[in-house]
Amino acid sequence: MSIPEKIRREVASLKKAIERHNRLYHSLDNPEIPDVDYDALVERLESLEREYALPSDSSLSSSVGFAPLAKFSEVQHQIPMLSLDKVFEKDGLRNFTKRISKLLGTEDLVDFSCEPKVDGVAVSLLYEDGVLKRAATRGDGKSGEDITHNILEISCIPKTIELKNVKTRLEVRGEIFLSKYNFNQINTQARKEGQKLFVNPRNTAAGAIRQLDPKKTTNIPLEMFCYGIGVNEGIALPKVLGEIFFVLEELGFPINKDIRQSSGVEGCLDFCSELYSKRDLLDYEIDGAVIKVDSLLSQSLIGQNIKAPRWAIAYKFPAEEKITKVLDVEFQVGRTGTITPVARLEPVFVGGVTVSNTTLHNMDEIERLGLGIGDRVIVRRAGDVIPKVVKVVKSEERQSIKPIIAPKYCPICMSPIEKDGAVLLRCTGGSSCSAQRKEMLKHFVSRSALDIEGLGDKLIEQLVDEGLITDAADIFSLDEAVLLKVDRLGKKSSENILVAIKKSQETTLAKFLYALGIREVGEATALSLANRYPNLEHLMLATIEELESIDDIGPTVSSNISTFFARKANVDLIKRLREAGVRWSVLPTIKNTNLVGKTFVLTGTLESFSRGEAKDRLLELGAKVSATVSKNTDFVVSGPGAGSKLSKAIEYGIKVLDEEEFVTLLS
Ligand SMILES: [Zn+2]
């Protein structure tokens, strides 16, 4: 068809105008014409291109982008975007594969394409003659919204694809998502700027993809994984889904590397459990796996019902976010008096466990969330991370919501509460506060401290509540008569507890110091203190300056230590503990002075000692024991099974001792 000169000129001038307005809009942020007029130019150009079969100029639309839309236009899906049937248990998956075999009339193992179910937004991308013409959301499956202007901003989505055939239409379907990394980056930035935080990657992606202004989409680094195709006219594609993914990848589409082909139900189950276990390691969020029959011929034989294909199933993992209600907020008193708000929740199954309460950390967090008692909230529990209230779901009935007010007095002992630093609240009751006493006692008997087995949290609470003990020294005067008074404590368990108490009297100075619960003195600091002051009396008299000269001890910790030992109550407690038989070996003179201050790293297994025993011996001799090899390491003791620590020692030229040499050195 010959094209009239007049049309040629009009097309050229239209293109020029569109280019100019694109530039004004995007680079200069200074549009000259209203959006409707701009749209009219684009429409006129497109209609001329269609009428005269002109090649459309994709550079006009793709690289620069369109002006914001007043609203989304509706897109009918030629082939409906069906949802998937879901199963939540292995048996559900087994039933699915059984049904497939039956429908296909085969006893052979059926091949499946196993895919992570990315928690994002499903989209349809339509390419006409290799050019991305239209992108749409899934919507209700029959029709969605035209989001082409935003999809053009996503760099990993090809705007044109190279196809051998002409007159083609190819619809690629995929899931748009925001990676966990980028989500965290965006929120870190938002926090810095005092902006509102995004709730989760999925919501952020869904919000970005439905922006009317594509510039706002550009700020969110969205990604996509393709999961299948819809319309296909004029392109010969493989007959197996797994191979179609290869073709799509060749064409420049992003394909998830975690997709795997598996045979039979066992292969699928393996895939699902492996995927579940590495869920936290993936950089994208998933809510399960999708299992699809791999062969397209089999897919069409199996067919679909109105809502979902029969050849695919979603195997859902436990949700990591659920909505529940805050029934109440309580203020818990910690070992050092810190007051922590804890939300009591309507029990909810989330992330694989039932959650009925969760910490709110501090009053600032409550304010940030805008939380009140009675609010409906989104609770998130991912992996082993403690559950967290991430958002308040605003509802109509706000008048029934009770505000959360920071207490002025300790809920347990009624002592005044004071502010400690910017956000911390602290009960001033000290050891007169029974909540603090209970927590101190729990700490004292914990594994890393005096390690008294059988003296659990519940029992300690009961002993304190009934006035049977008040502080750590009282533990050592417990006898069977007292223990038997306590609810549900039989003769046998009483005996066991008394044995454990007796055993705990023999300890180390480091464990004893840790057990005292000096503020901010953890296990490592306690060990440094014990190494520096093998004699407790010397430590108790040490000045702040002396303490600060110890590695890893800063001004705050040294002041905490000094304050602790300056208090008569604490000195008395130590005295009573020692009188009650708590002891550790003091080596007044270290025989093998060669080892004082030397740093050892232990690796592999030793025959004549456990790792812990070897460590204790070294510490007694004044040596230091470190967990990692560095240039400051003096010796590496290496037994069978030694790994990277040994190779590092060799790399740094550090002296390596075998067990025999080590024993000689110790004696
Ligand atoms: Zn208190």
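Along every chain, residues carry numbers that run from 1 in the direction the sequence is written. Thresholds applied to this predicted model are a pLDDT of at least 70 for local features of residues and 80 or more for the giving and counting of side-chain atom pairs; totals over whole chains, interfaces and linings are not thresholded and use all residues. Based on all heavy atoms of the structure, the side-chain values leave hydrogens and waters out of the count.

> Talk me through the nonpolar core; I want residue IDs and the actual numbers.
Buried residues of nine kinds, namely Ala, Val, Leu, Ile, Met, Phe, Trp, Tyr and Cys, make up a nonpolar core once their side-chain atoms join them within 4.5 Å. Accessibility here uses a 1.4 Å probe with only protein chains present; expressed as a share of the type maximum, an area under 20% marks a residue as buried, one over 50% as exposed, and anything in between as partly exposed. One finds Ile475, Leu513, Ile561, Phe565 and Leu577 to be the most contacted residues of the largest nonpolar core, which totals 53 residues. No other element matches helix 18 (residues 509–515), which puts 6 residues into this core. For Phe565, the residues in contact, after removing those within four places along its chain, are Leu513, Leu516, Ile518, Leu539, Met540, Val571 and Ile574. In terms of nonpolar packing, the next biggest core, distinct from the first, is built from 37 residues, Leu178, Met224, Leu241 and Ile255 among them. Per the convention used, a helix needs a DSSP run of H or I reaching at least four residues, while a strand needs a run of E reaching at least two, with both numbered from the N terminus. Whether two residues are in contact is decided by their heavy atoms, any of which lying within 4.5 Å being enough.

> Run through helix 17 (residues 491–504), naming residues and quoting values.
Side chains that are three or four residues apart share a direction in an α-helix, a result of its 3.6 residues per turn. Helix length check: helix 17 (14 residues) gives 20 Å between terminal C-alpha atoms against 20 Å at 1.5 Å per residue, within 8%. When we look at burial in helix 17, the residues that qualify are Ser494, Ile497, Ala500, Ile501 and Ser504. On an axial view of helix 17, the arc spanned by its buried residues comes to 125°, and they lie on one face. Opposite the buried face of helix 17, by more than 90 degrees, sit the exposed residues Lys492, Val499, Lys502 and Lys503. Expected span of a helix, by definition, is 1.5 Å for each gap between consecutive residues, and there is one gap fewer than residues. Within this analysis, the arc is defined by the directions that extend from the helix axis to the C-beta atoms.

> Let's hear about the sheet that holds strand 11 (residues 312–316): which residues, and what values?
Strand pairing is assigned whenever DSSP detects at least two bridges linking the two strands. If you trace the 5 strands from one edge of the open sheet to the other, you get 2-11-10-3-9, paired in mixed fashion. Because the sheet does not close on itself, it has two edges, and the strands there are strand 2 (86–87) and strand 9 (260–263). In the sheet, strand 10 (residues 286–293) pairs with strand 11 via 5 bridges, with the strands oriented antiparallel. Looking at strand 11, one finds that Gly288 is bridged to Lys316. In the packing of helix 9 (residues 241–250) onto the sheet, contacts are made with strand 3 (111–118), strand 9 and strand 10, and the angle to strand 3 comes to roughly 55°. Strands in contact with helix 10 (residues 264–277) are strand 3, strand 9, strand 10 and strand 11; relative to strand 9, the strand with the most contacts, it is inclined by about 140°. Only the contacting stretch of a helix is used when fitting its axis, a line to C-alpha atoms as for every element, and angles between N-to-C directions run 0 to 180 degrees.

> Account for the coordination of the zinc ion, naming residues and giving values.
Ideal geometry at a metal centre: 109.5 degrees between donors when four sit tetrahedrally, and 90 or 180 degrees when six sit octahedrally. Think of the donor list as every N, O and S atom within 2.8 Å of the metal, or within 3.2 Å for Na, K and Ca; water never makes the list, so a site can look incomplete. Ligation of the zinc ion by protein atoms is provided by Cys410 (SG), Cys413 (SG), Cys427 (SG) and Cys433 (SG), these donors lying 2.2 to 2.4 Å from the ion. Between the donor residues of the zinc ion, the gaps in sequence give the motif C-x2-C-x13-C-x5-C. Here Cys410 is found in the loop between strand 18 (402–403) and strand 19 (417–420), whereas its partner Cys433 is found in the loop between strand 20 (424–427) and helix 13 (434–445), with 23 residues between them in sequence. Across the pair, exposure class does not vary: Cys410 and Cys433 are buried alike.

> Lay out the environment of Arg532 in plain terms, naming residues and giving numbers.
Within the element layout of this structure, Arg532 appears in helix 19 (residues 523–532). Classification of Arg532 by relative accessible area gives partly exposed; the value is 40%. For Arg532 and Ala136, which are 396 residues apart along the polypeptide, the C-alpha to C-alpha distance reads 68 Å. Setting aside residues no more than four positions away along its own chain, Arg532 makes contact with Glu546, Ser549 and Ile550. As used in this structure description, the phrase polar contact means that two N or O atoms lie within 3.5 Å; if the pair is within protein, one of them must be able to donate a hydrogen and the other to accept it, and residues adjacent in sequence are counted only when both atoms belong to side chains. In this structure the side chain of Arg532 is engaged in a polar contact, spanning 3.4 Å, whose partner is the side chain of Ser549.

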